[in-house]
Amino acid sequence: MIERIWSGRSRLYWLLLPLSLLYGCITFLIRQSYRLGWRKRWRAPVPVVVVGNLTAGGNGKTPLVIWLVEQLQHRGYRVGVVSRGYGGKAERYPLLLEDNVTTAQAGDEPVLIFQRTGAPVAVAPRRREAVEALLSQHALDAVIADDGLQHYALARDVELVVVDGARRFGNGWWLPAGPMRERASRLASVDAVIVNGGVPRAGEIGMTLTAGMAVNLLSGETRPLNQLHDVVAMAGIGHPPRFFATLRDAGVSISREVAFADHQSYQPERLERLTRDADQPLLMTEKDAVKCRAFARHNWWYLPVDAVLSEPLATQLLVRLENVLNRNSKE
């Protein structure tokens, strides 16, 4: 139902407009309070790159963060990542990730970024505390804030916004009548707009998610997707239909699609019941896999995806980031 409302296919959003207007007023006042200096931003001693979005739900921020970290690492920069850690609850914050930190403590996305990139990652509701924790333990050239666009208490040097190219901004209303955290006019003030799927507009950077080999959670074995048959596909991400479409486009034979809420926690018994027996493949996203490795079964697989950004705009973006990082090192 919420997808129909947010997409504009249902006029029930009219009932939610008073709450949306209240949400819009509050977010406007918060942003203005920082812009006018009524509330102070904290500026880190190293450049901060914020990756965020204007809408609720999954747009592809995490693959972009991983892409940015790997690209900067390849160029010799020391990069750390901070996150709110949605879906996790630690005994104390800030929490610096280590190999023994679980998704229940840190959230699924920070653990995924940590495992994929090897970069230092810290989690805290207040991003300043996370940045300070990183810098107390690591000599870094830059910090990337995962999903921090509306966290105005943290000053930023670069703002990148990820847009779902298929859904764009739905009916254009603020939450809860629509998907917007901020209005689309906010794009005029960011440094780059990255469009995940669909057709990017003038000045936007196109991004696609390319699927790799299916990976077995228990053994680490890899297989081409077309070697998995009669698959039960599951996804607990912001927009599960994107994952299912990726599998169909790759020619995967899917017997059942199961969508869970974003940041869903799992119990092994619940996932075991999704397949008819212990041999039918259960194929999930990598974000789900980081929560399931501790109790994985031999028929559980996940699909890693990598962000690919269109050229020449991707190279231009990296050049701009390097200029920011190099300028800071000379000051």
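In this text the structure is predicted, and so the values were computed from the model without any measurement.

1. Some details on the overall build of the protein chain
Alright, step 1. Along its length, the protein chain carries ten helices and 15 strands.
Alright, step 2. A compact globule built from 331 residues should have a C-alpha radius of gyration of about 20 Å, and the protein chain, at 20 Å, falls within 12% of that.
Alright, step 3. In terms of its C-alpha atoms, the protein chain occupies a principal-axis envelope of roughly 60 × 50 × 45 Å.
Alright, step 4. Out of the 331 residues in the protein chain, the part that is buried amounts to 52%.
Alright, step 5. Counting contacts in the protein chain only where the partners sit at least 6 residues apart, residues at least 24 apart contribute 72% of the total.
Alright, step 6. Accessible surface, the protein chain: about 15600 Å² in total, of which carbon and sulfur atoms supply 53%.
Alright, step 7. Side-chain charges in the protein chain split into 40 positive and 33 negative, and the spacing between the mean points of these groups amounts to 8 Å.

2. Some thoughts on the sheet that holds strand β4 (residues 121-123)
Alright, step 1. Ordered by their spatial adjacency, nine strands build an open sheet running β3-β4-β2-β5-β1-β6-β7-β8-β15, and the pairing between neighbours is mixed. The two strands at the open ends of the sheet, each matched to only one other strand, are β3 (95-96) and β15 (305-309).
Alright, step 2. Pairing geometry for strand β1 (residues 48-52) and strand β5 (residues 142-146), over four bridges, is parallel. Among the inter-strand pairings, Val48 is bridged to a residue of β5, identified as Val143.

3. Points about the side chain of Asn171
Alright, step 1. Looking at the element boundaries, Asn171 is found in the loop between β6 (158-164) and β7 (192-196).
Alright, step 2. At a separation of 3.0 Å, a polar atom in the side chain of Asn171 contacts the main-chain carbonyl oxygen of Ala177.
Alright, step 3. Once residues within four sequence positions are removed from consideration, Asn171 is found in contact with Ile5, Trp6, Ser7, Gly8, Tyr13, Ala177, Gly178 and Pro179.

4. Section: the UniProt feature "binding site: ATP" (unreviewed entry) in the protein chain
Alright, step 1. UniProt tags Thr55, Ala56, Gly57, Gly58, Asn59, Gly60, Lys61 and Thr62 as "binding site: ATP" (unreviewed entry).
Alright, step 2. Relative to the helices and strands, Ala56 is located in the loop between β1 and α3 (61-74).
Alright, step 3. If near-sequence neighbours (up to four positions away) are discounted, Ala56 is found in contact with Trp6, Leu175, Pro179 and Arg181.
Alright, step 4. When neighbours within four sequence positions are excluded, Asn59 is seen to be in contact with Asn53, Val162, Val163, Asp164, Arg167, Asn196 and Arg242.
Alright, step 5. Side-chain polar atoms of Asn59 contact the backbone oxygen of Val162, separated by 3.4 Å.

5. Some remarks on the packing of aromatic side chains
Alright, step 1. Under the criterion given, the structure shown has three aromatic pairs.
Alright, step 2. Ring geometry for Phe243 versus Phe244: centroids 6.0 Å apart, planes at 55°, classification tilted. Here Phe243 and Phe244 have matching classes, each one buried.
Alright, step 3. Taking 5.2 Å as the distance between ring centres and 75° as the angle between the ring planes, the aromatic pair formed by Phe260 and Tyr266 counts as edge-to-face. For the pair Phe260 and Tyr266, one class covers both residues: buried.
Alright, step 4. Over the face of the ring belonging to Trp173 we find Arg183, whose NZ or CZ atom lies 5.6 Å from the ring centre.

6. Description of the domain arrangement of the protein chain
Alright, step 1. Partitioning the protein chain into structural domains gives domain 1 (1-208 + 309-329) and domain 2 (213-303).
Alright, step 2. With 16 residues of domain 1 at the interface, the matching set in domain 2 holds nine residues.
Alright, step 3. Taken over both partners, the interface formed by domain 1 and domain 2 buries close to 1100 Å², and the fraction arising from carbon and sulfur atoms is 50%.
Alright, step 4. Taken together, domain 1 and domain 2 are joined by four salt bridges.
Alright, step 5. Linking Arg116 and Glu286 is a salt bridge whose minimum nitrogen-to-oxygen distance equals 2.6 Å.

7. Notes on the packing of α3 against helix α5 (residues 108-117)
In helix packing, the relevant descriptors are the interaxial angle and the interaxial distance, both defined with respect to the helix axes.
Alright, step 1. At a minimum axis separation of 10 Å, α3 and α5 run at an interaxial angle of 30°. If you check the angle between α3 and α5, you find them roughly parallel. α3 and α5 meet at a crossing whose hand is right-handed. In contact with Thr62, Val65, Ile66, Val69, Glu70 and Gln73 of α3, α5 contributes Glu109, Leu112, Ile113, Arg116 and Thr117.
Alright, step 2. A per-class count over the contact of α3 with α5 returns five nonpolar, three polar and three charged.

Procedures and definitions
Residues numbered from 1 in each chain as written. Predicted model: local features only at pLDDT ≥ 70, side-chain atom pairs only at ≥ 80, totals over all residues. Heavy atoms only, no water. Helix = DSSP H or I, 4+ residues; strand = E, 2+ residues; numbered from the N terminus. Rg over C-alpha atoms; globule rule 2.2 N^0.38 Å. Buried < 20%, exposed > 50% of the residue type's maximum accessible area, 1.4 Å probe, protein only. Contact = heavy atoms within 4.5 Å. Areas by Shrake-Rupley, 256 points an atom, 1.4 Å probe, with all protein chains shown as cover. Lys, Arg positive; Asp, Glu negative; His and termini not counted. Charge placed at Lys NZ, Arg CZ, Asp CG, Glu CD. Pairing = 2+ DSSP bridges. Polar contact = N/O pair within 3.5 Å; in protein donor to acceptor, adjacent residues only side chain to side chain. UniProt positions renumbered as here; feature names shortened; annotations may be inferred. Phe/Tyr/Trp six-rings, centres within 6.5 Å; stacked < 30°, edge-to-face > 60°. Lys NZ or Arg CZ within 6 Å of the ring centre and 35° of its normal. Domains from an automatic or database assignment. Buried area = accessible area lost by both parts, 1.4 Å probe. Salt bridge = Lys/Arg side-chain N within 4 Å of Asp/Glu carboxyl O. Axes fitted to C-alpha atoms, helices over the stretch in contact; angles between N-to-C directions. Parallel < 35°, antiparallel > 145°, perpendicular 65-115°, else oblique. Left-handed = near helix turned anticlockwise from the far one by under 90°. Nonpolar A, V, L, I, M, F, W, Y, C, P; charged D, E, K, R; others polar.

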